[in-house]
Amino acid sequence: MGTCRSAAAFDSPYLRIDDFLQVHPEQRELMDSFAQQVRKPARRYESEEKTPVTVAIIYPTQQVSDYWRRSLSSFKARMDEMRIGYNLDQYYSTPGRKGELEQHLQEALSKDPDYLVFTLDIYDHKELIEPLLKRERPKIILQNITTPLKEWEGNQPFLYVGFDHGLGAHLLADYYIKATHGRGGYGVLYYTLGYVSTMRGETFIRYMRENSDLKLTRSAYTSGRAENAATEALSMLADPKLSFIYACSTDVALGAILALKQSQREDVLINGWGGGSAELDALMKGDLDVTVMRMNDDNGVAMAEAILMDKQGKSDLVPTIYYGDMVLVDSKTSAEDLDKLKQRAFRYSGQ
């Protein structure tokens, strides 16, 4: 997979992927080998053991983005293909609500699962996870985060899995620099206050400052809601010199699109983040200019592959981090090329 320009270089409690590999060079081979296996067809689990594994998944699915739902679909499909018996407990929450997550976590743990799939969008979530790292079970899979916490060094979760937010931010930044010739002003619409906004938003701003003359004119948090994003975008669009609005999530991008239509500012560019169905539809309609498209289903496949290796007694071959492939697509991407990317990205969850 190679070294990735990951999260921002600013002071952070997280280790960027390239920094992590400097500390743990032995992980590079594990990451590359594991990534190759994720891309391959499934292997069948050959064992006389009939006891199913128990998996608890706590997902923030209350949003337009289909990332989490597709990840779950691909996880189940890959587990079925590999013939691994499993019982799945699913919990759905609203992004950013710690109390709700804590309630789901307590309920999930009461059933003593073998694996717990969680996220870490708010830094305070670490307080919920830390006690679990000291126990033998459940094994923790942290999804949508690819930057290990520095303070957990020596006692990391079983797997960090997702698509690197910093790399995606750099891909979009390079696009905007080229499209604007590195000049003009721009606005940033953050997601909720937390990890995703920091890694996607602050990384982008820093990269722009270091590699262009583009000026940040305004930024705002949106609580991850389209209606909030639309309101904030309208304020940004009052600036006649605004070249583009950088959106940090699907829902935020869709809100910004509404504002662009209302203001009739066809000169302002807008991006998506993730390349799910809603974004690709907007791109084909001409409402969206560009997005970074995750090979979405690889996320669920990676979780299933890690569990397979663990059941085979090969947990030492599971890397600490798996980050999936991403591709930049824009309004010039042909329908034929986009269809090929959809087949790859949604190979289990369907188009």
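Residues numbered from 1 in each chain as written. Predicted model: local features only at pLDDT ≥ 70, side-chain atom pairs only at ≥ 80, totals over all residues. Heavy atoms only, no water.

Draft legend 1. Inspection of the packing of aromatic side chains at higher detail. Within this structure, the stated rule accounts for 15 aromatic pairs. With a centroid separation of 5.0 Å and an interplanar angle of 75°, the aromatic rings of Tyr67 and Trp68 are classed as edge-to-face. For the pair Tyr176 and Phe204, a centre-to-centre distance of 6.1 Å together with 90° between the ring planes defines the contact as edge-to-face. Residue Tyr176 is located in helix α6 (residues 165–180), and its partner Phe204 is located in helix α7 (residues 195–211); the two are separated by 28 residues in the primary sequence. Grouping residues by exposure puts Tyr176 and Phe204 together as buried. Against the face of Phe158 rests Lys139, its NZ or CZ located 5.2 Å from the ring centre. It is Arg200 that lies over the ring of Trp273; its NZ or CZ is 3.9 Å from the centre. (Phe/Tyr/Trp six-rings, centres within 6.5 Å; stacked < 30°, edge-to-face > 60°. Helix = DSSP H or I, 4+ residues; strand = E, 2+ residues; numbered from the N terminus. Buried < 20%, exposed > 50% of the residue type's maximum accessible area, 1.4 Å probe, protein only. Lys NZ or Arg CZ within 6 Å of the ring centre and 35° of its normal.)

Draft legend 2. Seen up close, unusual backbone geometry. Between Arg137 and the following residue, Pro138, the backbone shows a cis peptide bond with an omega angle of -5°. Located in the positive-phi region is Arg83, a residue other than glycine, with phi close to 60°. Among the secondary structure elements, Arg83 is positioned in the loop between α3 (67–81) and β2 (86–92). Judged by relative accessible area, Arg83 falls into the exposed class, the value being 52%.

Draft legend 3. Representation of the sheet that holds strand β4 (residues 139–143). The strand order across the open sheet built from 6 strands is β2-β1-β3-β4-β5-β11, with neighbouring strands paired in parallel fashion. Looking along the sheet, the strands with just one partner apiece sit at the ends: β2 and β11 (321–323). Put simply, the sheet's adjacent strands are angled 15° from each other on average, direction ignored. As defined by bridge partners, β4 adjoins strand β5 (residues 159–162) across 3 bridges and the pair is classed as parallel. Considered in β5, the bridge of Gln143 is made with Val161. (Pairing = 2+ DSSP bridges. Axes fitted to C-alpha atoms, helices over the stretch in contact; angles between N-to-C directions.)

Draft legend 4. Spotlight on the environment of Arg218. Residue placement: Arg218 occurs in strand β7 (residues 215–220). Sequence separation between Arg218 and Gln36 is 182 residues, and the spatial gap between their C-alpha atoms is 41 Å. The contacts of Arg218, once residues within four sequence positions are left out, are Tyr186, Gly187, Val188, Glu232, Ser235 and Met236. (Contact = heavy atoms within 4.5 Å.)

Draft legend 5. Local environment of the side chain of Asp330. On the secondary structure map, Asp330 appears in strand β12 (residues 326–330). For the buried Asp330, no salt bridge is present, and the opposite-charge side chain at shortest range is Lys332, 6.2 Å distant. Of note is the side chain of Asp330, whose polar atom sits 2.8 Å from the backbone nitrogen of Lys332. Those residues in contact with Asp330 that sit more than four places away from it in its chain are Tyr175, Leu283, Asp289 and Val290. (Lys, Arg positive; Asp, Glu negative; His and termini not counted. Salt bridge = Lys/Arg side-chain N within 4 Å of Asp/Glu carboxyl O. Polar contact = N/O pair within 3.5 Å; in protein donor to acceptor, adjacent residues only side chain to side chain.)

Draft legend 6. Geometry of the packing of α6 against α7. Put simply, α6 and α7 touch, their axes get as near as 9 Å, and they point 40° apart. By the angle between their directions, the pair α6 and α7 is classed as oblique. Between α6 and α7 lies a crossing of right-handed hand. Every residue of α7 that contacts α6 at His165, Gly166, Ala169, His170, Leu172, Ala173, Asp174, Tyr176 and Ile177 is listed here: Tyr195, Val196, Met199, Arg200, Thr203, Phe204, Tyr207, Met208 and Asn211. When the residues that make up the contact of α6 with α7 are grouped by side-chain class, the tally is 11 nonpolar, 5 polar and 2 charged. (Parallel < 35°, antiparallel > 145°, perpendicular 65-115°, else oblique. Left-handed = near helix turned anticlockwise from the far one by under 90°. Nonpolar A, V, L, I, M, F, W, Y, C, P; charged D, E, K, R; others polar.)

Draft legend 7. Broad picture of helix α5 (residues 126–133). Turning to α5, its buried residues number three or more, namely Lys126, Leu128, Ile129, Leu132 and Leu133. Projected down its long axis, α5 shows its buried positions confined to an angular sector of 150°, all on one face. (Arc of directions from axis to C-beta.)

Draft legend 8. Spotlight on the nonpolar core. Membership of the largest hydrophobic core comes to 86 residues, with the highest contact counts inside it found for Met79, Leu142, Tyr176, Phe204, Met208, Phe244 and Tyr246. Counting 28 residues, the second largest nonpolar core, distinct from the first, contains Ala247, Ala256, Ala259 and Val268. (Core = buried A, V, L, I, M, F, W, Y, C linked by side-chain atoms within 4.5 Å.)

Any functional reading would require information that these geometric values do not contain.
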